[in-house]
Amino acid sequence: MIAAALLAPTVAALVLAVAPRAFAGRRAAELGAIASLVALVELARIPVGRPGTLWAEIDQPWIDLIGARFHVGVDEVSWPLALLTAFLTLCCCIWLWRRDSSPALVALLMVIAAASIGVFVAQDLLLFFIFFEFALIPMWFVIARWGADDARPAATKFLLYTVTGSAIMLVGFVLVAIRAGSLQIGQVVEHGDPSLTGAILIAVGLAVKVPLVPVHTWLPDAHSKAPTVGSVLLAGIFLKLGTYGLIRLNVQMLPEATERIAPWLAGLGVLGILWAGLACLAQDDLKRLVAYSSIGHMGFVALAIATMSQTGIVAAVFGSVAHGLITGLLFFLAGSLKERYGTASLAALGRGLFGRAPWRAVALLVAGLATIGLPGLAGFWGEFLTLRAAYEPASLLPQTFSVVLMVIATLGIILATAYVARFARMLLQGVPTRLDLDRDIVRREGLVTVALLVPILVLGLFPGLIFDLFPPIGYAP
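Residues numbered from 1 in each chain as written. Predicted model: local features only at pLDDT ≥ 70, side-chain atom pairs only at ≥ 80, totals over all residues. Heavy atoms only, no water.

A. How the structure looks around the overall build of the protein chain. Each helix and strand counted, the protein chain has 21 helices and 2 strands in total. Since a compact globule built from 477 residues should have a radius of gyration of about 23 Å, the 21 Å found for the protein chain is in line with a globular shape. Structurally, the protein chain occupies a C-alpha span of about 65 × 55 × 40 Å along its principal axes. Burial status across the protein chain gives 59% buried among its 477 residues. Nonlocal contacts in the protein chain, meaning residues at least 24 apart in sequence, comprise 80% of its contacts between residues at least 6 apart. Surface summary for the protein chain: the accessible area is close to 17800 Å², and the carbon and sulfur share equals 68%. (Helix = DSSP H or I, 4+ residues; strand = E, 2+ residues; numbered from the N terminus. Rg over C-alpha atoms; globule rule 2.2 N^0.38 Å. Buried < 20%, exposed > 50% of the residue type's maximum accessible area, 1.4 Å probe, protein only. Contact = heavy atoms within 4.5 Å. Areas by Shrake-Rupley, 256 points an atom, 1.4 Å probe, with all protein chains shown as cover.)

B. Main features of the packing of helix α13 (residues 286-306) against helix α18 (residues 379-391). Contact geometry of α13 with α18 gives a least axis separation of 9 Å together with a crossing angle of 40°. Judged by the inter-axis angle, α13 sits oblique to α18. Classified by chirality, the crossing of α18 by α13 is left-handed. Between α13 and α18, the contacting residues are His297, Phe300, Leu303 and Ala304 on the first element and Glu383, Thr386, Leu387 and Ala390 on the second. Looking at the contact of α13 with α18 residue by residue, the class counts come to 5 nonpolar, 2 polar and 1 charged. (Axes fitted to C-alpha atoms, helices over the stretch in contact; angles between N-to-C directions. Parallel < 35°, antiparallel > 145°, perpendicular 65-115°, else oblique. Left-handed = near helix turned anticlockwise from the far one by under 90°. Nonpolar A, V, L, I, M, F, W, Y, C, P; charged D, E, K, R; others polar.)

C. Geometry of the packing of aromatic side chains. Following the criterion strictly, the structure yields 14 aromatic pairs and no others. A ring pair is formed by Trp381 and Phe467, whose centres lie 5.9 Å apart and whose planes are at 90°; its orientation type is edge-to-face. Of this pair, Trp381 sits in helix α18 while Phe467 sits in helix α21 (residues 464-467), and the two are 86 residues apart along the sequence. Cluster of aromatic residues (ring-pair linked, three or more members): Phe318, Phe380, Trp381, Phe384 and Phe467. Here the basic side chain of Arg26 rests over the ring of Trp97, its NZ or CZ set 4.3 Å away from the ring centre. Of note, Arg444 hangs over the ring of Trp95, and the distance from its end group to the ring centre comes to 5.2 Å. (Phe/Tyr/Trp six-rings, centres within 6.5 Å; stacked < 30°, edge-to-face > 60°. Lys NZ or Arg CZ within 6 Å of the ring centre and 35° of its normal.)

D. Quick peek at empty space enclosed by the protein. Counted by the stated rule, this structure contains 3 cavities of 30 Å³ or more. In this model, the largest cavity occupies a volume close to 140 Å³. Residue lining of the largest cavity: 17 residues in total, with His297, Gly319, His323, Gly379 and Glu383 positioned closest to the centre. Looking at the lining of the largest cavity element by element, the count peaks at 7 residues for helix α14 (residues 310-341). (1 Å grid on protein atoms, 1.4 Å probe; cavity = no way out; pocket = protein on both sides within 12 Å on 5 of 7 lines; lining within 4 Å. Points joined across faces, edges and corners; volume = space filled by probe spheres on them.)

Don't take any of this as a statement about function, it's just geometry.
So this is what it looks like as structure tokens:
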């Protein structure tokens, strides 16, 4: 099942690369959608096993000289994120279902999807790193080639930041593997904590991908210049590679060393929440506003991870999935506005979208409310459990310090409410100021919008779909 989920997008990418003319226009997007659907179905077929064990595990010899193995499997942390990757890729292919779709663009999306799923299933450090890197170069081409006219500097900045982070992480991998005598994540855990230096280097490398302040500056530029599908994959999938790595490699593989750097991780996460909230209040470009909001949401996830408690891990996984769905929807809607009007400026788009395109306005409002964590929508549970994890005594953070962080994070929610209300007032409400080019959601846009709204509502009302994958909160193994 895991092998099929990896092979489907890989084969699709190879076919599109070898015979692009045979899949011109809509055919490329159709092939990508089929491959993504196959990956989604194969991942969904994986039987849910006992928490803390690997499901659908494959462990085969690979490079005997260094002890590397093709070792893959999922658990309660990685399975929801792998499903999210296949689902968002499917939505991107549906979005590209039009006559001028580029086979090269769809092929790159397939490579990114296969590599990202590979990161979530890898149980070998070398395999993790290879999959991690395979997603970077294709994204540079997606931004530089299909983004805005001046997108290349933003794409290059993204690549330089992330490659530098990867290099730092690789040094950490080497130190950990040498001390533990193994590249297998499970064996490193059994060996005990090998190296504080290794844990720090891995955390720094992953912080660039999350991203945490102050290594976040590549994100707004990349998002504002990327094509719609590029922004969706950056926010919905790429950022999760960083947060998942912090859970799998730091908290679970190197817990004792990570305890010593957890206060720094929590502090930077909360700083990102506050910084992002203030930055969003100053944004006129809708795509940059959503990009900065992602930094804030990832700050909540980082705070949850830093508590190193069971509640925090559940909050981090739920918050990551919810953010992928909500921000993916926001970027699809913002991208459709930019494609139609040639700008994402709130001032240029004009007021009164409720009167001009009511269905699009309703979708934007629901996504905005989900962003601030309105109860009943998916965004609520990640933030609520993060605050609980920061407050409860089970957290490994100093109690006074964690309470202060919780208060500041709550202020971030207030700021989020303010910037969502501002964007709703400037774009959705009021007397329509322009009617030219106004058109409500078309069929492919409506299909993607409904496909994302449904899980946002379902997870908000039935959070047990993810909670039940974990032991009951408060359980002591």
